[in-house]
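Residue strings, one per chain:
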Amino acid sequence: LAGPAGGADLAGLHVLVSAGGTREPIDAVRFVGNRSSGKMGYALAARAAARGATVTVVAANVALPDPPGATVVRVGTAEDLRRACGDAFGSADVLLMAAAVADFRPVDPAGGKIKKAGRTELTIELEPTVDVLTELSGRRRDGQTLVGFAAEHGDGALDYARDKRERKRLDAVVLNDVAVPGIAFDAADNAVTIVTGDGEQTVARAAKEAVADAILDAVVAARARA
Ligand code: CTP
Ligand code: CA
C-alpha cells in the first residue's frame, strides 16, 4: 500500500493514536471490558508511520505485534489512557481516537477476589469515566486535527456520528456500523463512513490498512482546508 501522494505525505507530523479497549477492574481478577482488539488503531499507526509521520500509540490491552515505526505506550484503564493521551497530546498534530474507552467503571473495585459463596446476587455500581476525547478537544490548539470514532448499531448511526462530531468539536468522526456482520470488532476488514464538516464519505469494505489510508487521506484533506 502506498500513500496517495506516493510517499511521505505525513512527514513532519506527530500522529497520536489510541487503540484497543480499556478494562476497568471489578476486583483483583475481573474487569468490565469491551470487544475492541486494537486492529484498526494499529493499522492507522502503521500506515501513518509508513507515510512519514512520527507516531505514538496509546494501546489499551492490545495483544498484537507493535505497529512498525511507532512508539507504543501500554495502558489498562480509562484513567491510564487519559493520562497517557494527555501527556502526548500537547506535541501532537493529529489525534486519532480509535480506542474503545469505557464509559463507566466500578465505583469501588474490591482489593481481593469477590467470592460467590453465600450470595444470591451481586450488584456492581458503576460511575462515569472522563470522556478523554472531549477533554482533549477542550484544550486543542490551532493546527491540531482531531478524529473521533463512533461504533454505532443500526438505525440512526449517521445522525449519532454527526452529532458526536459537533458535540465533541472534532474535525471528523469515523463511523463504524457494528450491526454489519464481518467488519469492525476483531475483524481484518472494516467499512466506515467518514463524517466531516464538509459532508460524508463512505469507504467500502476493505482491509483495515486500506481503510486506515482512507482515514489518513481525509486527515490530509481536512488539514489542507483548515
Ligand atoms: N471516548 C473517549 N473517552 C471516553 C469515551 C469515549 O475518549 N470515556 C472517545 C472514543 O475513543 C471515540 C469517541 O469518544 O473516539 C466516541 O465514542 P463512543 O463510545 O462512540 O461515543 P460516546 O460519546 O462514548 O457515546 P455512546 O457510547 O453513548 O454512544
Ligand atoms: Ca462510549
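- As named in an unreviewed UniProt entry, the protein is Coenzyme A biosynthesis bifunctional protein CoaBC, taken from Patulibacter medicamentivorans.

**Thoughts on the overall build of the protein**
- On a plain count of helices and strands, the protein comes out with 5 helices and 12 strands.
- Relative to the compact-globule value of 17 Å for 226 residues, the protein shows a C-alpha radius of gyration of 18 Å, a close match.
- Taken along the three principal axes of its C-alpha coordinates, the protein extends 65 × 35 × 30 Å.
- Every one of the 226 residues in the protein was classed for burial, and the buried ones make up 46%.
- Sequence separation of 24 or more characterises 64% of the internal contacts of the protein that already satisfy a separation of 6 or more.
- Surface summary for the protein: the accessible area is close to 11,100 Å², and the carbon and sulfur share equals 50%.
- In the protein, 27 positive and 30 negative side-chain charges are present, and the distance between their average locations comes to 4 Å.

**Structural notes on the environment of aspartate 108**
- Structurally, the position occupied by aspartate 108 is in the loop between β7 (104-106) and β8 (126-128).
- A relative accessible area of 67% places aspartate 108 in the exposed class.
- Linking aspartate 108 and leucine 126, residues 18 residues apart in sequence, is a C-alpha distance of 8.4 Å.

**Comments concerning the site of ligand 1**
- Around ligand 1, the structure places 16 residues, and the nearest of them are Met97, Ala99, Leu133, Lys164 and Lys168.
- At 2.8 Å from an oxygen atom of ligand 1 is found a main-chain nitrogen or oxygen belonging to alanine 99.
- Between ligand 1 and the protein, one listed contact pairs an oxygen atom with a side-chain N or O atom of lysine 168 at 2.8 Å.
- Here ligand 1, which alone exposes 570 Å², has 78% of that area covered by the protein.
- Those elements giving two or more residues to the shell around ligand 1 turn out to be α3 (132-138) and β9 (145-152).
- Considering every element that reaches the shell around ligand 1, the biggest residue donor is β9, with 4 residues.
- By residue class, the composition of the shell around ligand 1 is 10 nonpolar, 2 polar and 4 charged.

**Comments concerning a nonpolar patch on the surface**
- The grouping of Phe104, Leu122, Ile124 and Leu126 at the surface amounts to a nonpolar patch, some 350 Å² of accessible area in total.
- Tracing the sequence through the fold places leucine 122 in the loop between β7 and β8.

Calculation rules
Residues numbered from 1 in each chain as written. Chains lettered and ligands numbered in written order. Predicted model: local features only at pLDDT ≥ 70, side-chain atom pairs only at ≥ 80, totals over all residues. Heavy atoms only, no water. Helix = DSSP H or I, 4+ residues; strand = E, 2+ residues; numbered from the N terminus. Rg over C-alpha atoms; globule rule 2.2 N^0.38 Å. Buried < 20%, exposed > 50% of the residue type's maximum accessible area, 1.4 Å probe, protein only. Contact = heavy atoms within 4.5 Å. Areas by Shrake-Rupley, 256 points an atom, 1.4 Å probe, with all protein chains shown as cover. Lys, Arg positive; Asp, Glu negative; His and termini not counted. Charge placed at Lys NZ, Arg CZ, Asp CG, Glu CD. Near = heavy atom within 4 Å. Polar contact = N/O pair within 3.5 Å; in protein donor to acceptor, adjacent residues only side chain to side chain. Nonpolar A, V, L, I, M, F, W, Y, C, P; charged D, E, K, R; others polar. Patch = residues over 30% accessible without salt bridge, like charges linked within 9 Å, V, L, I, M, F, W, Y side chains within 5 Å. Salt bridge = Lys/Arg side-chain N within 4 Å of Asp/Glu carboxyl O.

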